[in-house]
Amino acid sequence: MSKKNSYIDVAVALPVHGTFTYRVPAALQSSVTPGKRILIPFGHRRVTGFITGYGHTSKVTDIKDILDVLDEKPLFPKTMLSFFRWIANYYFHPLGEVIKNALPGGLTIYDHVTLTITTRGRQALVRKQTAAADKKVLEALEQKSCTLKKLSRTIQPFSPSLIRSLERRNWLICQQTLKVTRTTPKTERWVAVNDKWQNVANKLPKLSKARRDILTYLTDVKEISVKNLKSKFPTAPRLINILAADGLVTIYSKRLYRDPLGESVAFDRVPELTEEQHQALTIILKDLEHGFKAHLLHGVTGSGKTEIYLQLAHRIIRSGVPVIVLVPEIALITQMERRFRARFGERVAVLHSGLSTGERLDQWMRIADGAVDIAIGARSAVFAPFAKIGLMIVDEEHDPSYKQESGLRYNARDLALVRAKLDGATVVLGSATPSIQSYYNAATGKLMRLTLNRRVHQKPLPAIKIVDLRRMRDLRGTDRFITPELRHAIQATLQRKEQTILFLNRRGFAGFPVCGACGKPIRCKNCDITLTLHRNSNAFKCHYCGFSKAASSACPACGSDHIHHLGLGTEKLEAAIHRLFPEANVARMDRDTTTRRGSILKILRQLKNGAIDILIGTQMVAKGHDFPNITLVGIICADLSLSFPDFRAGERTFQLLAQVAGRAGRGKRLGRVILQTYNPAHFSITTARQQDYPAFYKQEIAFRQALNYPPFARMVLLRITGQDARHIASQAQSVGELCRQIINRRKRLQSITILGPIEAPLARIARRYRWHLLLKSPHTGPLHKFVHELVHRHSNLLNTPHVRTTIDVDPYFMM
Ligand code: ADP
Ligand code: ZN
Ligand code: ZN
């Protein structure tokens, strides 16, 4: 046994900073490797830890022994630790929790192992063959089976190696209830004609016409699936068996991929690049050998960005290094997966929330084992366990869903750059509507900007017509929102048998229920927000804490049951569209209709095969889908995202409008967009109408500079919350004072500005009162030094039994 394994460094998945040294008992020394999980005593508890390295005999005297090694193979390569450390440091998050967050959920196999005593185990008890420790365990199982987790709590002392020794003696059995589900490959029968046919074609006069036709056809197409052949020659399945017996054709099975929309994916041909694509690719390839380099690929929708990703990925994996592709959401991941599989076949893994736990684990281990070259997934795929990557692609890099809003509040787009830098890899950030941050980085030389101005097939972008909603104020009910202009356009689209998308960024039926008697809005009892009526589930719901109550509830203030349902949501819009176009097939896509796994894909499938005429939805419908028969997009109210008290409201609005407009006219027919707004002159709206990103950027960046917002300042948001309104207000004041004192004392921290503390725009969520303290500085260095000091020296003020402070670095959600 090598000596180095007797001590190891361990990160624990608990809110404690730093790593800890543990001793490894001799029996376990051969199985400790960085990247594996272990079970350790920590305080009075047993917790999971991650081996981060081999430790030195430490000066600490009371070093404890690890209890067990939980994994056969490392879950992540040792090389990723520097990435994890960077994250822990940058986001002020414990290393063990960073690692835990990176790993796929469902890994806590400990919860999933059930122990059952065997007949031999019972006999051993009766015959008193058991040692004291064995006996305790077996007796605990005598009445009924028990999970490992529960047993580890009730039996003292408990050790997993004890369980294993019992298992070896067949005194108990361990059953895993969680199974790693291998995704079984689907295959399909294919048929190809043999050379022999050419030689004997004229010598077989007795060959029936049907057989001869099939052979002639096969000579033409070389190979085809039996299924497709059958659609041309209904008797083919029987006939080809005879032909195969005669040695004229060969039947074989071929691995088949079906994309989630149900179509088989065949290997595609690599197209000739357009001039613009070629230029962009050449520039990226030129720098490939020179270590880290980051590009911003700014290309209008349909300009062929994905084709560039594919060709680039091909070059990288040919040189033996893997590629990660980040895509913001599940429906787009499956589109990307389809195109990558068509090019690269099996050497692709996908990671996203649409997979079952077992499937996700399987995909993860395939990456860790080096069985794939490419990982495609949502934001968490930035943690795909490759030892060293060569290329990181972030598609739709502007998408806010790259920011995680709970636990480890990271931004996957930013981490993609960090990881690539650590590995000396290339990064491509792609978007039709880049984030202000990235475009600014390109302007200042941090990113190399590459532009694709034209759509591949020269398809023009859709024409956008603006409708001024202020003129509709006198109309009643939903007529104010389904304006005559829009109604006629929908009618005409239906008549042409084409499809319409209606976009409204608010779900539910009515978001502003008001009492008709006393005039008070109906509010959530836990939050500082009005409830939304959801007619389909017959309830008022809170979109922030999940509280709900019966739709028939009376006004909590005066008891009247006369409630007006003001405010427009997707449900109400759907009902109105049903009334206006009773013959149309209408579907809705928002968080309420897509909670079940697979439901988004089901809607997309129906959209694709024409079962839906009108699709109503929230920003879910804005994202990247490519359906040729959608020729009309209606934006019901472009202003909803503008009115948010958030400095990114303009950026978000421009992106949403430009993206949703991009859904129209992807096929042969020209698309049309009707954009309804109360602010027709707002620059986010006028520039989105012209699809003029540079013009939007120019105005927006001036505004950011004038108000000293990102990208001109870095920000850290301290969110101080608690259940007692007065206490939390005064606590927030104390934290504010402390911050000001620290900064005034230190010259080097003078560049930091403190805003607040102020009550958050959403002053109460889930019964917790919320205060914000916003820290800004032009430089990351001092800001981080300052927060570091705050977290490590004053955590007693930030977190008490009654106060919780979360630290959000580079925050997005400012409410
Ligand atoms: P983007 O990712 O910018 O939206 P895509 O890469 O999806 O654009 O390209 C749009 C369409 O054009 C796709 O159907 C794609 O297959 C096709 N395409 C892309 N590049 C070429 C090319 N060089 N020649 C022919 N077709 C192309
Ligand atoms: Zn009332
Ligand atoms: Zn609530």
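Just above, that's the structure.
Residues numbered from 1 in each chain as written. Chains lettered and ligands numbered in written order. Predicted model: local features only at pLDDT ≥ 70, side-chain atom pairs only at ≥ 80, totals over all residues. Heavy atoms only, no water.

A. Quick peek at the coordination of the zinc ion (ligand 2). Protein coordination at the zinc ion (ligand 2): the donors are Cys-515 (SG), Cys-518 (SG), Cys-555 (SG) and Cys-558 (SG), at 2.2 to 2.4 Å from the metal. Geometry at the zinc ion (ligand 2) is tetrahedral, judged from its 4 donor atoms and the angles of 105 to 113° they form at the metal. Summarised as a motif, the one-chain spacing of the donors to the zinc ion (ligand 2) is C-x2-C-x36-C-x2-C. A residue pair is termed long-range when its members are at least 10 positions apart, and Cys-515 in strand S22 (residues 512-515) and Cys-558 in the loop between strand S25 (548-550) and strand S26 (563-566) qualify at 43 residues. You can call Cys-515 buried: its relative accessible area is 2%. (Donors = N, O, S within 2.8 Å, 3.2 Å for Na, K, Ca; no water. Tetrahedral: all angles 85-135°; square planar, octahedral: opposite > 155°, others 65-115°. Helix = DSSP H or I, 4+ residues; strand = E, 2+ residues; numbered from the N terminus. Buried < 20%, exposed > 50% of the residue type's maximum accessible area, 1.4 Å probe, protein only.)

B. A look at the pattern of salt bridges. The full count for this structure, using the stated rule, is 28 salt bridges. In this structure, Arg-523 and Asp-528 form a salt bridge, with 3.2 Å as the shortest nitrogen-oxygen distance. A salt bridge links Glu-700 to Arg-704, with the shortest nitrogen-to-oxygen separation between them at 2.9 Å. Here Arg-704 and Glu-700 lie together in helix H22 (residues 693-706), a separation of 4 residues that amounts to about one turn. A relative accessible area of 2% places Glu-700 in the buried class. Salt bridges sharing common partners tie together Lys-403, Glu-405, Arg-719 and Asp-808. (Salt bridge = Lys/Arg side-chain N within 4 Å of Asp/Glu carboxyl O.)

C. Up close: the sheet that holds strand S5 (residues 68-69). On the basis of which strands lie adjacent, the open sheet formed by 5 strands has the order S2-S1-S4-S3-S5 and antiparallel pairing. In this open sheet, the two edge strands, each paired with only one partner strand, are strand S2 (20-23) and S5. Note: strand S1 (residues 7-12) against S2, 4 bridges, orientation antiparallel. Looking at the pairing, Asp-9 lines up with Thr-21 of S2. (Pairing = 2+ DSSP bridges.)

D. How the structure looks around the packing of aromatic side chains. In total, this model carries 19 aromatic pairs according to the counting rule given. With a centroid separation of 4.7 Å and 15° between ring planes, the pair formed by Trp-86 and Tyr-90 is classed as stacked. Here the residue Trp-86 and the residue Tyr-90 both occupy positions in helix H1 (residues 81-90), the gap between them amounting to 4 residues, near one helical turn. The exposure class assigned to Trp-86 is partly exposed, which follows from its relative accessible area of 32%. The exposure class of Tyr-90 is buried, given its relative accessible area of 10%. (Phe/Tyr/Trp six-rings, centres within 6.5 Å; stacked < 30°, edge-to-face > 60°.)

E. Broad picture of the packing of helix H4 (residues 132-142) against helix H6 (residues 160-168). One can describe the packing of H4 onto H6 by two numbers: an axis separation of 11 Å at closest approach and a directional angle of 80°. In terms of axis orientation, H4 runs roughly perpendicular to H6. In this structure, H4 contributes Ala-133, Asp-134 and Val-137 to the contact, and H6 contributes Leu-162, Ile-163 and Leu-166. Split into classes, the residues belonging to the contact of H4 with H6 amount to 5 nonpolar, no polar and 1 charged. (Axes fitted to C-alpha atoms, helices over the stretch in contact; angles between N-to-C directions. Parallel < 35°, antiparallel > 145°, perpendicular 65-115°, else oblique. Contact = heavy atoms within 4.5 Å. Nonpolar A, V, L, I, M, F, W, Y, C, P; charged D, E, K, R; others polar.)

F. Here's a closer look at the site of ligand 1. Taken together, 16 residues are adjacent to ligand 1, and Glu-272, Gln-277, Lys-305, Thr-306 and Arg-339 come closest. Between Glu-307 and ligand 1, the recorded distance is 3.3 Å, taken from a backbone N or O atom to an oxygen atom. It is helix H12 (residues 305-318) that provides the largest number of residues to the shell around ligand 1, a total of 3 residues. Counted by class, the shell around ligand 1 contains 4 nonpolar, 8 polar and 4 charged residues. (Near = heavy atom within 4 Å. Polar contact = N/O pair within 3.5 Å; in protein donor to acceptor, adjacent residues only side chain to side chain.)

G. Quick peek at the sheet that holds S25. Judged by pairing direction, the sheet is antiparallel, and its 3 strands sit side by side in the order S23-S24-S25 without closing on themselves. Lying at the two open borders of the sheet, with one neighbouring strand each, are strand S23 (532-534) and S25. On average, each strand axis in the sheet is tilted by 30° relative to the strand beside it, whichever way the strands run.

H. The packing of helix H16 (residues 436-443) against H22, seen in detail. The interhelical angle for the contact between H16 and H22, taken along N-to-C directions, is 95°, at an axis separation of 11 Å. One element, H16, and the other, H22, form an angle in the roughly perpendicular class. Within the contact between the two elements, H16 uses Ile-436, Tyr-439, Tyr-440 and Ala-443 and H22 uses Tyr-693, Pro-694, Phe-696, Tyr-697, Glu-700, Ile-701 and Arg-704.

I. Examining the nonpolar core more closely. Residues Phe-84, Val-382 and Phe-383 are the most contacted members of the largest nonpolar core, which totals 119 residues. Val-382 has contacts with Phe-83, Ile-324, Leu-326, Met-392, Tyr-410, Ala-412, Leu-415, Ala-416 and Arg-419, leaving out every residue within four places of it along the chain. Core analysis: the second largest hydrophobic core is formed by 33 residues, Leu-273, Ala-280, Leu-297 and Ile-374 among them. (Core = buried A, V, L, I, M, F, W, Y, C linked by side-chain atoms within 4.5 Å.)

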